[in-house]
Amino acid sequence: MSTAPQVGPLLALVLTSLAAVAALLARVGGLGLGRDMLVVSVRAAVQLTAVSLLIAAVLRSGGLTAAFIAGMVVIAVVTAGRRVTGSLRGSGWWTALPITAGVAPVLGLLLASSLVPPRTVAVLPIAGIFIGGAMSATGLTGRRALDELTARRGEYEGGLALGLPPRDAALEVCRSAAALALFPVLDQTRTVGLVTLPGAFVGVLLGGADPVEAGAVQLLVLIGLLAIESIAVLITLELVARGRLDHAASYRRL
């Protein structure tokens, strides 16, 4: 007997109710996100429906799976680039570097060691989790670093006045703020099994594996994410400090 929720009117009703409650609470609370709650809920439903149907075909072919993963990377780069720079044009494409530099070696290691079997059904979900983590870390790091440099422009210029190179002066100002991008994955890893049962664990468990196997998969994912996001944060921080990632309101344009 399947443990997954049945697709049908009841599922649609529950999802609609939850989205409506979230939107109502955001509106009543004056958060200004009521419409966004509804839009992202509808968008998620449409996207997941389309992706679910697509993945059924993609998983039959290694080439199609590789192409799908490449498409995920492109979307992650666009999303992170927009978050950091506020535009699809310009320096936002530099976010491809921290995302790919984080994901590629870790995923490659897991495949080379056979801890993740080279089967499409195993590679695709783990690659998706890793790409999503790298995207979030890159976007948060770049945004926090640039905001910090803008807000603390005087300290940056003071560093230059003391003879620091622009890169070093920028790092002195934004390094601590950018490090906050690692807090979500640190908290998730610290409390796994105690506060939350993350998606990889639940997914493997629902797929029929025993709890020990599910725990091993989740541990691979969490420790892999720690490495990936650390790489992404450091590279993004370096790109910001060197002026490769920038936005219209950054400290260099004031």
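Scroll up for the structure.
Residues numbered from 1 in each chain as written. Predicted model: local features only at pLDDT ≥ 70, side-chain atom pairs only at ≥ 80, totals over all residues. Heavy atoms only, no water.

## Details of unusual backbone geometry
Part 1: Here Ser114, not a glycine, exhibits a phi torsion of approximately 70°, which is positive.
Part 2: Along the polypeptide, Ser114 turns up in the loop between helix H4 (96–112) and helix H5 (120–151). (Helix = DSSP H or I, 4+ residues; strand = E, 2+ residues; numbered from the N terminus.)

## Thoughts on the nonpolar core
Part 1: With 29 residues, the main nonpolar core has Ile69, Ile99, Val103, Leu107, Val116, Phe130 and Ile228 as its most contacted residues.
Part 2: Secondary structure elements with two or more residues in this core: helix H3 (62–85), H4, H5 and helix H10 (211–241).
Part 3: Sort the elements by how many residues they give to this core and H5 lands first, with nine residues.
Part 4: Filtering out sequence-adjacent residues up to four positions away, Ile69 remains in contact with Val123, Leu124, Ala127 and Ile131.
Part 5: Counting residues in each nonpolar core, the second largest holds 16 residues, with Ala145, Ala169, Leu171 and Cys174 among its members. (Core = buried A, V, L, I, M, F, W, Y, C linked by side-chain atoms within 4.5 Å. Buried < 20%, exposed > 50% of the residue type's maximum accessible area, 1.4 Å probe, protein only. Contact = heavy atoms within 4.5 Å.)

## Quick notes on a nonpolar patch on the surface
Part 1: Together, Leu10, Leu13, Val14, Leu15 and Leu18 make up an exposed nonpolar region whose accessible area comes to about 510 Å².
Part 2: Along the polypeptide, Leu13 turns up in helix H1 (residues 9–28).
Part 3: On the basis of relative accessible area, Leu13 is assigned to the exposed category, the value being 53%. (Patch = residues over 30% accessible without salt bridge, like charges linked within 9 Å, V, L, I, M, F, W, Y side chains within 5 Å. Areas by Shrake-Rupley, 256 points an atom, 1.4 Å probe, with all protein chains shown as cover. Salt bridge = Lys/Arg side-chain N within 4 Å of Asp/Glu carboxyl O.)

## A short note on the packing of H4 against H5
Part 1: Contact pair H4 / H5: the axes reach a minimum separation of 9 Å and the direction vectors enclose 150°. If you check the angle between H4 and H5, you find them roughly antiparallel. Between H4 and H5 lies a crossing of right-handed hand. For the pair H4 and H5, contact is made by Pro98, Ile99, Val103, Val106, Leu107, Leu110 and Leu111 and by Val123, Ile126, Ala127, Phe130, Ile131, Ala134, Met135 and Thr138, respectively.
Part 2: A per-class count over the contact of H4 with H5 returns 14 nonpolar, one polar and no charged. (Axes fitted to C-alpha atoms, helices over the stretch in contact; angles between N-to-C directions. Parallel < 35°, antiparallel > 145°, perpendicular 65-115°, else oblique. Left-handed = near helix turned anticlockwise from the far one by under 90°. Nonpolar A, V, L, I, M, F, W, Y, C, P; charged D, E, K, R; others polar.)

## Points about the packing of H3 against H4
Part 1: Their axes nearest at 9 Å, the elements H3 and H4 cross at an angle of 135°. One finds that H3 runs oblique with respect to H4. Judged by the sense of rotation from one axis to the other, the crossing of H3 with H4 is right-handed. Note on element contacts: H4 touches H3 through Ala96, Ile99 and Thr100, opposite Val73, Ala76, Val77 and Ala80.
Part 2: For the contact of H3 with H4, a count of residues per class yields six nonpolar, one polar and no charged.

## A few points about the side chain of Glu229
Part 1: Tracing the backbone shows Glu229 in helix H10.
Part 2: Although Glu229 is buried, it forms no salt bridge, and the closest oppositely charged side chain is Arg144 at an N-O distance of 11 Å.
Part 3: The residues touching Glu229, leaving out its near neighbours within four places in the chain, are Gly133, Ala134, Ala137, Ala181, Leu182 and Val185. (Lys, Arg positive; Asp, Glu negative; His and termini not counted.)

## Some words on the environment of Gly81
Part 1: By secondary structure assignment, the location of Gly81 is in helix H3.
Part 2: Assessed through its relative accessible area of 2%, Gly81 is described here as buried.
Part 3: When the C-alpha atoms of Gly81 and Thr138 are compared, they prove to be 8.6 Å apart, with 57 residues separating the residues in sequence.
Part 4: Apart from the residues within four sequence positions on either side, Gly81 is in contact with Gly86, Ser87, Gly92 and Thr95.

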